[in-house]
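An overview of the molecular structure
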Amino acid sequence: MRNTSLRNTWLVIKREYLERVRQRSFIVLTLLLPAIMIGAFAIPAKLSSMKNTKMQRLVVVTSTPQFGEIVRQQLVAGSKPDHESAAANKDKDKDAEDEDNPGRDYAIEVDSSATEAERTALRDRVNSGDIDGFLWLTDDAVAARKVTYYGRQSGGGGFMENSWLKDQLDRAILLQELAQRGVSRAQVEQLLKPVKLETMRLEGGRETKANDKGMFFAVFAMVMLLYTAVIFYGVSVMRAVLEEKNSRVMEVLLSSATSTELMAGKLIGVGAVGLTQIAIWIAMAATYALPALAASASTGEIHIAPLTLAAFALFFLLGYLLFSSIYAAIGAVITSEQEGQQMQFIIILPLIISVFMMGPVMHAPDSPVAVWTSMVPFFSPVLMYLRIAVQPPPVWQIALSLALLVGTIAGILVLCARIYRIGILMYGKRPTLPEILKWLKYA
Amino acid sequence: MNTVELNKIRKCYDEFVAVDDLSLVIRPGEVYGLLGPNGAGKTSTLRMMIGITMPDSGSVSMFGEPLRRAHTQRLGYLPEERGLYKKMKVLDQLVFLGELKGLSARDATERSQQWCERLGLKDWTGKKVEELSKGMQQKAQFIGAVVHDPQFVVMDEPFSGLDPSSALVLKDAFLELKNAGKTLLFSTHRMDTAERLCDSICLINHGRAVLEGDLGKIRAGYGKRNVQIKYEGDSQFLKDPKLVQSSNDYGNYVEVRLAAGADPQDLLQAAASHARVNKFELMEPSLEEIFIEAVGKANA
């Protein structure tokens, strides 16, 4: 009896899996999606890195050649990626200041004839493309702290580079002023040495170096994967049920297997297809896209803790099970895909709320709002996972959230199996909500 | 040991009583017909019989035991609404159905191929179901129901919607199963089909069994109370209520139903005295008549 049940479920899983994996659309989608992703991420990144490699030719106009030289050194040194860490320590970690680094070379020409005629001449050189721009840094301008950059592009390279340029000038002016007050250059360097803030992540007694940007990127990518996969494969389950119902295969199957076996087989079979697809994508990403992405995004090492990965796998499966069983029930109730579209809000609404809650939860993972929303079964696949990834909550909270989720899934499975059992033999008109509730009582 | 016994099964959908305290017995090796007009509760009865749905009350037993899961491997079911996976290849599909009935993958493949050969689907086993003609799909469906060599085959309206040549192939396969000692049950609303094929029948109407049992005995119970008369002349003798309950003029001949207790010989004499009688034949009642009469009685 038990064996028959397992065997039947297995046969349904096998059929569902093989039929789907063999379909042309599966192969096309599996190959096409990474191609689109690469296109969406890698090409713009590649393009912007190409632009940055061009050397920037600037002229610095100062009242004295000495100050011009200080500015030149600061700009040239500041544009080298590791100017500070090379001097201070061997640590390869990058601090905040470094990330604004334009990452390209500068050719600086110092010009100490600050006349209106020279300004006009330099303007002509910019216009003719001989230089990219010039900085008007006369003593008057420095005293007023009102420096002007002339260039074809404002700031030479957009928003980020503009702020970098300002920082370098602040520094050069400070060096100059302090030198005039008799402070040696070495002393100034010592005084100006910025604080490096290192975040350590404490996790089960071990500490790991945290990379906020990398983590945010990884967590966000995983939540999006969870969200899209749940909807995508959930809809596949719904379609499959609908197809069996409309093609009337269902009745033949029911003479051999129970509705529970059929539903379980369907959920697991489609889920396995999803996992296969994701595994293929991860493998492809690991071999090709990830190094490229990591390099171009220059977020540094993307560190994902093992606990985060385990939590992802767990919440992914539970989330899929929860939502796809509802999809199966919807598939059993509806008579056409259009009707299915209308009923999908039952599933999409909690998912959208979860995604909206991501910001607040990430910002304050311990706040009451975060704690309680991450307990709610329909939100927890996204939100509890997010909390675990950002800042592991107390074990009792994870346990409670999981218990509630698993309990809800069990309940939903039973209810949906009932709706499924009755719905799949109903043809014609779509039942109303009161009718469905009546089924739950009867079944 | 009877193949199936239904004991006062009942099924309601909301207020509507689909099957109402229905009882019947199907003996091993017989061809059993479940008859009744559309909406009489035939499909509901079949579904309960094979465990797709549960009766609200009453009991179903199969092969002498209360119905349980293991029995489903010994029965085949051809539902009224035919259905196969459209995108699946014919052979894969039949193997899948066979495996669900407990066959090993190898047996299921072997038997599916044999059946396809017998029913002329041999060249189509690698095609998708949606590429098959309707008649071929029906054959594939039939194979799906019998591939595991079930002892008991249940078919819901097997002949509806079939073209004559497909119906003939199906009927032959049907009889082959019967000769192999299988028990067959089919439902139909066509009395003439049932009359030709069935050993026993159950007539249902509004979810209730109106008549149940051996077809020959049922007919005998109704006696030879029908007369077919060919005559020329006065039809006055047909109006005598002591002799004739009802008559139906078909043009070439008149079919007469004798009044209760009337002697056919009296009718013959009355006819002979009014008209010239060319033919006078006592007949068993047709199933249709039996049905109409039984339903009339039940409703009265």
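Just so it is clear, the model here is predicted, and its values are computed rather than measured. One numbering rule holds for all chains: residues counted from 1, following each sequence as written. Both sets of labels track the order of writing: A upward for chains, 1 upward for ligands. Only residues with pLDDT of at least 70 are given local features in this predicted model, and only at 80 or more are side-chain atom pairs given and counted; all residues enter the totals for whole chains, interfaces and linings. As a rule here, side-chain values come from all non-hydrogen atoms in the structure, and water together with hydrogens is ignored.

Further remarks concern the interface of chain B and chain A. Think of interface size as the accessible area that goes away when the parts come together; that is how it is often given. Here, residues are in contact when the closest pair of their heavy atoms is within 4.5 Å. Taken together, the contact pairs 28 residues of chain B with 29 residues of chain A. Here the quantity called buried area is the total loss of accessible area, with a 1.4 Å probe, experienced by two parts when brought into contact, counted for both. Roughly 2,700 Å² is buried in total at the junction of chain B and chain A, and carbon and sulfur atoms are behind 55% of that figure. It is Arg 69, Tyr 85 and Leu 100 of chain B in chain B that bury the most area against chain A; as a group they hold 29% of the surface buried on that side. Any Lys or Arg side-chain nitrogen located within 4 Å of an Asp or Glu carboxyl oxygen qualifies as a salt bridge. On inspection of chain B and its partner chain A, the count reaches 4 salt bridges. Counted as a polar contact is a pair of N or O atoms within 3.5 Å, where, for protein atoms, one must be capable of donating a hydrogen and the other of accepting one, and residues adjacent in sequence contribute only when both atoms are in side chains. There are 8 residue pairs in polar contact (both at pLDDT 80 or more) connecting chain B and chain A. In DSSP terms, a helix is any run of H or I states spanning at least four residues, a strand is any run of E spanning at least two, and both are numbered starting from the N terminus. Elements that contribute at least two residues to the side of chain B that touches chain A include exactly α1 (42–49) and α2 (90–100) of chain B. Top contributing element to the side of chain B that touches chain A by residue count: α2 of chain B, with 5 residues. In the scheme used here, Gly and all other residues not listed as nonpolar or charged are polar, with Ala, Val, Leu, Ile, Met, Phe, Trp, Tyr, Cys and Pro taken as nonpolar and Asp, Glu, Lys and Arg as charged. For the side of chain B that touches chain A, the class distribution of residues is 11 nonpolar, 7 polar and 10 charged.

A word on the pairing of strand β13 (residues 254–258) of chain B. Residues and elements named next belong to chain B. Three labels apply to residues, based on accessible area from a 1.4 Å probe with only protein chains included: buried if under 20% of the type maximum, exposed if over 50%, partly exposed otherwise in between. The buried fraction of β13 amounts to 5 of the 5 residues, a majority that puts the element mostly inside the structure. Burial along β13 is two-sided: the face carrying Val 254, Val 256 and Leu 258 and the face carrying Glu 255 and Arg 257 are both buried. With 4 bridges connecting them, strand β11 (residues 226–233) and β13 associate as antiparallel partners. Across the sheet, residue Asn 226 finds its bridge partner in β13, namely Arg 257. Alignment of strand β12 (residues 244–249) against β13, held across 5 bridges, turns out to be antiparallel. Pairing of Val 244 across the sheet is with Leu 258, part of β13. Strand pairing is assigned whenever DSSP detects at least two bridges linking the two strands. Connecting β12 to the antiparallel partner β13 that follows it, the hairpin turn spans 4 residues, and Gly 251 within it adopts a positive phi of roughly 95°.

This part covers the packing of aromatic side chains. Pairing of aromatic side chains here covers Phe, Tyr and the six-membered ring of Trp, requires ring centres within 6.5 Å, and sorts the geometry by plane angle: under 30 degrees stacked, over 60 edge-to-face, intermediate tilted. The final tally for this structure, using the stated rule, is 13 aromatic pairs over all chains. When the centroid spacing of 5.3 Å and the interplanar angle of 80° are considered together, the rings of Phe 174 of chain B and Phe 186 of chain B count as edge-to-face. Pair noted here: Phe 174 of chain B is in helix α5 (residues 164–179) and Phe 186 of chain B is in strand β8 (residues 183–188), with a separation of 12 residues, a long-range link. An angle of 85° between the planes, with centres 5.3 Å apart, marks the rings of Tyr 231 of chain B and Phe 237 of chain B as edge-to-face. One aromatic cluster is present, formed by Phe 134, Trp 136 and Tyr 150 of chain A through successive ring pairs. The aromatic ring of Tyr 85 of chain B is capped on one face by Arg 15 of chain A, whose charged end is 3.4 Å from the ring centroid. Throughout this description, the term charge over a ring refers to an Arg CZ or Lys NZ atom that lies within 6 Å of the ring centre and within 35 degrees of the ring normal. One residue, Arg 74 of chain B, lies across the ring of Phe 63 of chain B, its end atom 4.0 Å from the ring centre.

Let us now look at the environment of Gly 251 of chain B. On the secondary structure map, Gly 251 of chain B appears in the loop between β12 and β13. Separated by 21 residues in the primary sequence, Gly 251 of chain B and Lys 230 of chain B place their C-alpha atoms 9.4 Å from one another.

Interpretation of this model should avoid reading the predicted coordinates in detail wherever pLDDT is low. All names here are of chain B. The pLDDT score gives, residue by residue, the confidence of the prediction method on a 0 to 100 scale. Per-residue confidence for chain B gives a mean pLDDT of 86, with 99% of residues at or over 70. Taking the mean pLDDT of every element in chain B, the minimum, 77, falls on helix α9 (residues 287–299) and the maximum, 93, on α2. Interface confidence for the predicted complex, expressed as ipTM, amounts to 0.77; the pTM equals 0.70.

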